[in-house]
Amino acid sequence: MPFSRSFLSEEQLLCSICLDVFDNPVSTPCGHSFCMTCIRHYWDTAKLCQCPLCKQSFKRKPDLHINRTLREITEQFKHMMANPGDPGGVGAAVEAEEEGKKPEPGHRPGYLLEEMKQRLSSRSKQTPNTDTNGTQLPVFARQLSLRRYTLSGAADAMKVPLCPKHHRNLELFCLSDLECICIECGQTEHQSHDIACAEKEWRSYKMKISTTETEIQEMTRERMQKVEEIKQSLVDVKLSEGEVQRSMQVFGALMASLERSQAELLEVTEMNRHSAEHQAELMIRELELEITEMRRRSAALAKLAQTDNFVTGLKGYSDVSTPMSKKDWTGVSLTCDLGTKAIYASVCQLLEQYKQELQKLPAVCLSVSANQSPLKSHPKVKRVQEYAVDVTLDSSTAHPRLLLSEDKKKVWCGERHQHVPNNRDRFDRVVCVLGREGFSGGRHYWEVEVDGKTDWDLGVASHSSNRKGKITVSPSNGYWFLSLRDKNNFAFRTEPSTALPLSLKPQKIGLFVDYEKGQVSFYNVDAKMHIYTFMDNFSETIYPFFSPCTNKTGKNDAPLVITPVQ
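Model, not experiment: these values are computed from the prediction.

Draft legend 1. Spatial organisation of the overall build of the protein chain. Broken down by element type, the protein chain carries 12 helices and 20 strands. Residue burial in the protein chain is summarised as follows: out of 566 residues, 41% are buried. Across the protein chain, contacts joining residues at least 24 apart in sequence account for 61% of those joining residues at least 6 apart. Of the roughly 32300 Å² of accessible surface on the protein chain, a fraction of 51% belongs to carbon and sulfur atoms.

Draft legend 2. Structural detail: helix H10 (residues 310-320). Burial runs high along H10: 8 of the 11 residues are buried. Among all positions in H10, only Phe-310, Val-311, Gly-313, Leu-314, Gly-316, Tyr-317, Ser-318 and Val-320 are buried. Sitting at the amino-terminal end of H10 is Asn-309, which places a side-chain oxygen 3.0 Å from the backbone nitrogen of Val-311.

Draft legend 3. Representation of the sheet that holds strand S6 (residues 179-181) in the model. With respect to topology, 3 strands assemble into an open sheet ordered S6-S5-S7, the strand pairing being antiparallel. Because the sheet does not close on itself, it has two edges, and the strands there are S6 and strand S7 (195-197). The sheet shows a mean angle of 40 degrees between the axes of neighbouring strands, taken without regard to direction.

Draft legend 4. View of the sheet that holds strand S14 (residues 489-492). With respect to topology, 6 strands assemble into an open sheet ordered S10-S19-S12-S13-S14-S15, the strand pairing being antiparallel. Single-partner strands in this sheet number two, and they are strand S10 (433-434) and strand S15 (498-499). One ladder, built from 6 bridges, connects strand S12 (residues 456-462) with strand S19 (residues 542-547); its direction is antiparallel. Across the sheet, the residue bridging to Ser-462 is Ile-542, located in S19.

Draft legend 5. The arrangement of the pattern of salt bridges in detail. Per the counting criterion, the structure on display carries 17 salt bridges. Where Glu-199 meets Arg-203, a salt bridge forms, and the shortest distance between an N and an O atom there is 4.0 Å. Here Glu-199 pairs with Arg-203, and both are found in helix H7 (residues 198-239), just 4 residues apart, close to one helical turn. Glu-199 sits in the partly exposed class, given a relative accessible area of 39%. When salt bridges with common partners are traced through the structure, they connect Glu-293, Arg-296 and Arg-297 into a single cluster.

Draft legend 6. Looking closely at the side chain of Lys-409. Note on placement: Lys-409 falls in the loop between strand S8 (402-404) and strand S9 (410-413). With a relative accessible area of 18%, Lys-409 lands in the buried category. The contact partners of Lys-409, leaving out residues within four places of it in the chain, are Asp-390, Val-391, Thr-392, Leu-393, Leu-560, Val-561 and Ile-562.

Draft legend 7. The packing of aromatic side chains, seen in detail. Under the criterion given, the structure shown has 15 aromatic pairs. Measuring from centroid to centroid gives 5.1 Å for Trp-480 and Phe-538, while their planes differ by 85 degrees, and the two rings are edge-to-face. Taken together, the positions of Trp-480 in strand S13 (residues 479-485) and Phe-538 in the loop between strand S18 (529-535) and S19 put the pair 58 residues apart, joining distant regions of the chain. Comparing Trp-480 with Phe-538 shows no difference in burial state: the two are buried.

Draft legend 8. Layout of the pairing of S14. Across 4 bridges, S13 lies against S14 in antiparallel orientation. Considered in S14, the bridge of Ser-483 is made with Ala-491. Between S13 and S14, which pair antiparallel in sequence order, lie 3 residues; one of them, Asp-486, sits at a positive phi of approximately 55 degrees. The sheet contact formed by S14 and S15 spans 2 bridges and is antiparallel. Paired with Phe-492 across the bridge in S15 is Thr-498. Connecting S14 to the next strand, S15, in antiparallel fashion are 5 residues.

Calculation notes
- Residues numbered from 1 in each chain as written.
- Predicted model: local features only at pLDDT ≥ 70, side-chain atom pairs only at ≥ 80, totals over all residues.
- Heavy atoms only, no water.
- Helix = DSSP H or I, 4+ residues; strand = E, 2+ residues; numbered from the N terminus.
- Buried < 20%, exposed > 50% of the residue type's maximum accessible area, 1.4 Å probe, protein only.
- Contact = heavy atoms within 4.5 Å.
- Areas by Shrake-Rupley, 256 points an atom, 1.4 Å probe, with all protein chains shown as cover.
- Polar contact = N/O pair within 3.5 Å; in protein donor to acceptor, adjacent residues only side chain to side chain.
- Pairing = 2+ DSSP bridges.
- Axes fitted to C-alpha atoms, helices over the stretch in contact; angles between N-to-C directions.
- Salt bridge = Lys/Arg side-chain N within 4 Å of Asp/Glu carboxyl O.
- Phe/Tyr/Trp six-rings, centres within 6.5 Å; stacked < 30°, edge-to-face > 60°.

Structure below.
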């Protein structure tokens with residue numbers, strides 16, 4: 001090999017895939033060079049995008065561009081090999097070697113140095129306002145044209161990342177696309193964009209970080225104060241529940257004419273309390289999300305302020321400087337009014353004899369004057385207990401596992417099925433039973449003891465409701481009933497179920513039906529409290545409905561007992 005001892009040897013210009021001198025050489029992002037045809041064929045054949053030498057893998061196939069400098073060197077090398085007799089060519093090197101004039105170690109051959117000087121001097125004579133083709137350079141390129149170059153590339157004060165497309169330094173910043181680019185990018189796809197020096201632009205961005213960070217910290221403090229304000233308001237709402245409990249003790253002693261007012265009070269206060277809690281949870285969640293986002297941005301800005309890498313800094317700042325939704329929380333607050341004042345005023349107008357008890361309630365209840373007597377113009381209103389009926393269980397509808405007492409007033413679930421006729425009216429899958437007495441009009445009331453049970457269902461069912469196989473229990477399917485599950489979970493069976501949070505667990509349930517109004521109401525008998533009322537339209541005979549549920553291996557073996565109404 002004639003160039004084995006020279007500075008520019010054939011081994012330095014060989015493609016490691018085809019083992020021949022480079023033909024249209026390209027460089028991979030890891031810095032190794034190959035023939036364009038060779039590396040493309042290698043990637044297509046291997047179906048794996050990695051460097052054949054260092055085995056570095058790439059997530060996607062890099063865009064390859066011909067290394068023009070390396071191509072010029074390989075072309076000159078091929079020319080010198082083809083014309084060894086040229087002055088300063090390969091022949092001169094061979095002749096010098098044969099005469100024993102070997103180049104000193106670390107020195108380049110004279111012919112190569114002379115040729116490099118000529119090329120570098122010809123480039124230095126070009127005007128700094130034009131490129132190698134004589135084209136006028138833009139302002140941003142002329143600003144960067146005074147950079148010092150060596151034989152191995154630009155001599156930078158710091159290591160600048162390279163453009164993945166053109167393998168040139170990312171020295172510019174595109175203000176239109178907010179990304180760092182190289183000079184060649186600026187002359188091609190970013191030609192019509194606003195472009196500035198990346199390093200200078202980053203210095204101006206760093207001055208904005210402190211101001212933005214201060215603003216975010218101030219907004220964070222404001223929102224944290226608002227969270228504390230809402231939490232305190234929520235505490236006031238919960239303390240107001242004591243007022244409702246005192247009101248219920250008074251209503252429990254009132255005449256039957258107040259039953260509807262009592263039901264309305266519970267519904268309004270429960271609804272308002274749930275609404276307030278739900279509203280508080282939403283506001284707190286929204287504020288906490290804003291606080292989390294602001295803290296994340298504050299931490300990111302603090303970290304960016306410490307970096308001197310303008311490429312990383314500019315990209316990171318673009319991510320955290322996007323506008324945030326700055327909601328004004330100044331006028332936002334939580335309402336603590338449970339909506340009971342209007343109901344108290346109505347009660348005071350109706351019942352003068354309970355004035356002493358009502359004086360313990362809010363001052364709005366005292367607006368009734370001493371000389372008024374609204375009760376004189378109203379007839380006596382019956383209590384719901386005055387509509388009591390004698391209800392017994394219908395054994396012909398009982399599920400085979402249910403056991404009934406002789407007087408048909410108790411029902412509980414046994415361990416195994418009994419041998420009973422499988423008639424049309426009997427439930428065969430759900431452990432329940434209907435009352436013998438049906439209602440096709442009027443008002444009716446009965447009471448059922450549920451003490452000691454963890455699960456039960458009580459209500460009414462229509463005559464045509466399905467009793468075979470799996471039953472979908474809802475008013476649309478002819479079932480209106482209240483349920484208890486797992487000792488504490490009360491719900492009225494709608495689609496979906498309506499959960500009923502009860503502070504006092506009832507030991508005895510009162511059921512009231514007004515057929516003409518389509519009303520089904522449930523009461524806590526011992527506490528004299530209304531639980532829930534459902535309104536619907538009845539078009540056929542309805543029957544009392546009972547389900548003691550399964551005994552759960554003895555945990556729920558207590559019976560449902562129909563008790564006399566006191």
